[in-house]
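So the chains spell out like this:
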Amino acid sequence: MYEAILKLVEYALRAGLIEESERVWAFNTILDALQLDGALPSEAPQASDDAPPSENMGRHSPDELAEILRPLLDGAFERGVLKGNSADYRDLLDTEIMGRLTPRPSAVIAQFTGLYRQSPKAATDWYYKFSQDTNYIRRDRIAKDIQWKAPTEYGDLDITINLSKPEKDPKAIAAARNLPASNYPRCLLCAENEGYAGRLNHPARQNHRLIPILINGSQWFLQYSPYVYYNEHCICLNRAHTPMKIDRACFGKLLDFVRQFPHYFVGSNADLPIVGGSILAHDHFQGGRYTFAMETAPVETEYAFPGYADVKAGIVKWPMSVVRLTCADPERLISLADAVLTAWRGYSDPGAVIFAETDGEPHNTITPIARRRGDDYELDLVLRNNLTTPEHPLGLYHPHAELHHIKKENIGLIEVMGLAVLPARLKDELSAVADLLVAGGDLRADERTAKHADWADGFRDKYEFAPENALDIVKKETGVVFAKVLEHAGVYRRDDAGKAAFLRFLDSVF
């Protein structure tokens, strides 16, 4: 046990979380978190005023910290400190332990601010690594996610099977029901999560540190997503717990963010159910340093908006309905984007099954994405509509039922840009499909593959399956399904009639 504590102290030193002069303090604070009284003299840490840096300073394998923490958590369970041994309980304790070793917010902010003076990239490089070193981003779990690229007519789409979120323990779920009702923090994004101890129905965040930023004159915070669906997956959150809203001010904030962090893109989920994200109650953006297929997709139809000759505009070759605006002057983009949004909010075209509202319920909104394109600013405006019909009760512009075996969830910002976040069940299900295609087995006889049988029957005659290629073929065909998912989410079909309807809308803006 004490040897494991010493290893954790050494890790914190190498990661730069503590100073050499804090070695004894760190050892003792971990003892306290584990409810241990002390160590034998031979096991206690030895203070040193001047220790040489390790050759591996700052370098950590994905499993290193998890392996250091494991015996500490195992011992805590054996001694009764942990009431349960599931991930729910273990996460609460290991976050408390790492929180003891995480620098205070003021120190983190000072480090980030100092590096930002060198360059925005230097600041985010450090902050991203720091967020992993503290175990806020759990490297070992992120490494479990299955990722691949799938070639389609729209470019190489990103596919990930999300394995980084642990399954909920039924006993922990039952115990959480007996907890007193609490609305603190109000949601998972609120700034009050920083340093919060957590509970069985709310994650611990003692190792979480926020960076305050001013966006378009309003107070926001920068952090990273603990699940990191792509490189440097960051979240910008409003200081106030206020609902998502796509408006002129939103465009201004997005463009101001990429002014301050030109190496990042940033976007917002839409502000209506079905086409929005999972958290609509707290205004926030998502960004990062990653090039999605949507960013590299070309403009296939240029369009000139009256009075905006200085703005390059057009329809993007993408499965969803995207208007791209590019200009050196962000104020001009804000003005034009606001005009497009205002027109779209009130736009109906019954012939194209576009209704601005039904029975007083609004349907039209936009998913906006901002980035820098050299010295220019760029906005992609993705037209969204959350109309439901008897045939498509989950949404007409939502994955239709025949695709639900792969993707049933809402199409939010991340999917819009070309990254499918797929459920963990598909790891085993797709492997089973591949195995049965090789063996020539009955897909409908296995509960893991029955829901995929019609889909697999549609492509099984196109290929010769062998053990070494079957799973790759299934993954490729999964990408084809995701492209169809995005086509279903597009408000205008990818045909001549759809393009004509799209242009009718653009003509209506002015």
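Before reading on, note that the structure itself is shown above.
Residues numbered from 1 in each chain as written. Predicted model: local features only at pLDDT ≥ 70, side-chain atom pairs only at ≥ 80, totals over all residues. Heavy atoms only, no water.

Participant: Would you mind showing me how to read the overall build of the protein chain here?
Facilitator: Along its length, the protein chain carries 16 helices and 15 strands. C-alpha atoms of the protein chain, sized along the principal axes, occupy 80 × 60 × 50 Å. Put simply, the protein chain has 510 residues, and 55% of those count as buried. Contacts in the protein chain between residues at least 24 apart in sequence constitute 64% of all its contacts with a sequence separation of at least 6. Counting every atom, the protein chain has about 22600 Å² of accessible surface; 50% of that belongs to carbon and sulfur. (Helix = DSSP H or I, 4+ residues; strand = E, 2+ residues; numbered from the N terminus. Buried < 20%, exposed > 50% of the residue type's maximum accessible area, 1.4 Å probe, protein only. Contact = heavy atoms within 4.5 Å. Areas by Shrake-Rupley, 256 points an atom, 1.4 Å probe, with all protein chains shown as cover.)

Participant: Even after reading the chapter, I still don't get helix H4 (residues 87-101), so can you show me in this structure?
Facilitator: Because the α-helix completes a turn every 3.6 residues, residues three or four places apart line up on one side. The end-to-end C-alpha separation of H4 is 21 Å, in line with the 21 Å expected for 15 residues at 1.5 Å each. Most of H4 is tucked away, with 12 of its 15 residues classed as buried. Of all the residues in H4, the buried ones are Asp88, Tyr89, Arg90, Asp91, Leu92, Leu93, Asp94, Thr95, Ile97, Met98, Gly99 and Leu101. (Expected span 1.5 Å × (residues − 1).)

Participant: Could you clarify how one ought to interpret the sheet that holds strand S6 (residues 265-267) in this entry?
Facilitator: Note on sheets: strands pair through backbone hydrogen bonds, and any given pair is parallel or antiparallel. The 10 strands lie next to each other as S3-S4-S5-S7-S6-S13-S14-S10-S9-S8, forming an open sheet whose pairing is antiparallel. Unpaired on one side and paired on the other, strand S3 (211-215) and strand S8 (299-302) mark the two borders of the sheet. This sheet shows a mean twist of 30° between the axes of neighbouring strands, independent of strand direction. Across the sheet, helix H11 (residues 330-345) is in contact with strand S10 (322-327), strand S13 (364-373) and strand S14 (376-385); its angle to S14 comes to roughly 10°. (Pairing = 2+ DSSP bridges. Axes fitted to C-alpha atoms, helices over the stretch in contact; angles between N-to-C directions.)

Participant: Help me understand the packing of aromatic side chains in this model?
Facilitator: The geometry of an aromatic ring pair is captured by two quantities: the separation of the ring centres and the angle between the planes. One pass over the full model with this rule turns up 27 aromatic pairs. Arranged with centres 6.3 Å apart and planes meeting at 75°, the rings of Phe305 and Phe510 form a pair that is edge-to-face. With Phe305 in the loop between S8 and strand S9 (312-316) and Phe510 in the segment after helix H16 (496-508), this residue pair connects regions lying 205 residues apart in the sequence. What makes Phe305 buried here is its relative accessible area of 5%. A relative accessible area of 48% means that Phe510 is categorised as partly exposed. Judged by centre distance (5.1 Å) and plane angle (70°), the ring pair of Tyr347 and Phe505 falls under edge-to-face. (Phe/Tyr/Trp six-rings, centres within 6.5 Å; stacked < 30°, edge-to-face > 60°.)

Participant: Sorry, what's going on with the sheet that holds strand S15 (residues 419-422) here?
Facilitator: Reading across from one edge, S1-S2-S15 is the order of the 3 strands in this open sheet, with mixed pairing throughout. A single partner strand is all that each edge strand has here, and the edge strands are strand S1 (146-152) and S15. Here the strands of the sheet are splayed against their neighbours by 25° on average, with no regard to which way each runs. Note that S1 and strand S2 (residues 155-161) share 7 bridges and pair antiparallel. Looking across to S2, one finds that Ile146 is bridged to Ile161. Contacts from helix H15 (residues 470-489) reach S1, S2 and S15, with the element oriented near 70° to S1.

Participant: Teacher, can you tell me more about the pairing of S14 here?
Facilitator: Two faces make up the sheet, and in a regular strand the side chains alternate between them. Counting buried positions along S14 yields 9 of 10 residues, so the element is predominantly enclosed. Pairing geometry for S10 and S14, over 6 bridges, is antiparallel. What sits directly across from Thr326, in S14, is Glu378. Between S13 and S14, which pair antiparallel and follow one another directly, the connecting turn spans 2 residues, one of which, Gly374, has a positive phi of 70°.

Participant: Mind showing me how you'd approach the pairing of S3 here?
Facilitator: The alternating pattern of S3 places Ile211, Ile213 and Ile215 on a buried face, while none of Pro212 and Leu214, on the opposite face, is buried. Sheet topology places S3 next to strand S4 (residues 218-224); 5 bridges connect them, and they run antiparallel. Following the sheet pairing, Ile215 is matched in S4 by Ser218.

Participant: Explain the side chain of Asp338 to me, please; I cannot follow it from the model alone.
Facilitator: By secondary structure assignment, the location of Asp338 is in helix H11. With a relative accessible area of 19%, Asp338 lands in the buried category. Those residues within four positions of Asp338 in sequence are excluded, and the remaining contacts are Arg248 and Phe251.

Participant: Please clarify how the nonpolar core should be interpreted in this entry.
Facilitator: Soluble globular proteins tend to bury their nonpolar side chains together. Within the largest apolar cluster, 100 residues are counted, with the highest numbers of intra-cluster contacts made by Leu8, Phe257, Phe305 and Tyr492. Considering every element that reaches this core, the biggest residue donor is H11, with 9 residues. With 51 residues, the next largest nonpolar core counts Tyr229, Trp318, Val322 and Leu403 among its residues. (Core = buried A, V, L, I, M, F, W, Y, C linked by side-chain atoms within 4.5 Å.)

Participant: I keep staring at the environment of Ala123 and nothing clicks. Help me out?
Facilitator: With respect to the helices, strands and loops of the structure, Ala123 is situated in helix H6 (residues 120-133). Spatially, the C-alpha atom of Ala123 lies 28 Å from that of Gly412, the residues being 289 residues apart in sequence.

Participant: Is there a simple way to think about unusual backbone geometry in this case?
Facilitator: The phi torsion of most residues other than glycine is negative, and most of the peptide bonds are trans. With an omega of -20°, the peptide bond running from Tyr184 to Pro185 counts as cis. Relative to the helices and strands, Pro185 is located in the loop between helix H8 (170-177) and S3. A positive phi is found at Val228, a non-glycine position, where the angle reads about 45°. In this fold, Val228 is placed in the loop between S4 and strand S5 (234-238).

Participant: Explanation requested: helix H13 (residues 425-439) in the structure shown.
Facilitator: With 15 residues, H13 extends 22 Å between its outermost C-alpha atoms, agreeing within 8% with the 21 Å of an ideal straight helix rising 1.5 Å per residue. Where H13 is concerned, the buried positions are Leu426, Glu429, Leu430, Ala432, Val433, Ala434, Leu436 and Leu437. Where H13 is buried, its residues meet S1, S2, S15, helix H14 (453-457) and H15. Remark: Gly440 follows H13 within two positions and exhibits a positive phi of approximately 70°.

Participant: I tried to follow the packing of helix H1 (residues 2-14) against helix H2 (residues 23-33) on my own but got confused; where do I start?
Facilitator: When two helices pack together, their arrangement is given by the angle between the helix axes and by the axis-to-axis distance. Following both chains from N to C, one finds H1 and H2 inclined at 130°, their axes separated by 10 Å at the closest point. For the element pair H1 / H2, the angle class is oblique. For H1 against H2, the interelement crossing comes out right-handed. Residues Tyr2, Ile5, Leu6, Leu8, Val9, Glu10 and Leu13 of H1 form the contact with H2, whose own contacting residues are Arg23, Ala26, Phe27, Ile30 and Leu31. Of the residues in the contact of H1 with H2, the class split is 10 nonpolar, no polar and 2 charged. (Parallel < 35°, antiparallel > 145°, perpendicular 65-115°, else oblique. Left-handed = near helix turned anticlockwise from the far one by under 90°. Nonpolar A, V, L, I, M, F, W, Y, C, P; charged D, E, K, R; others polar.)

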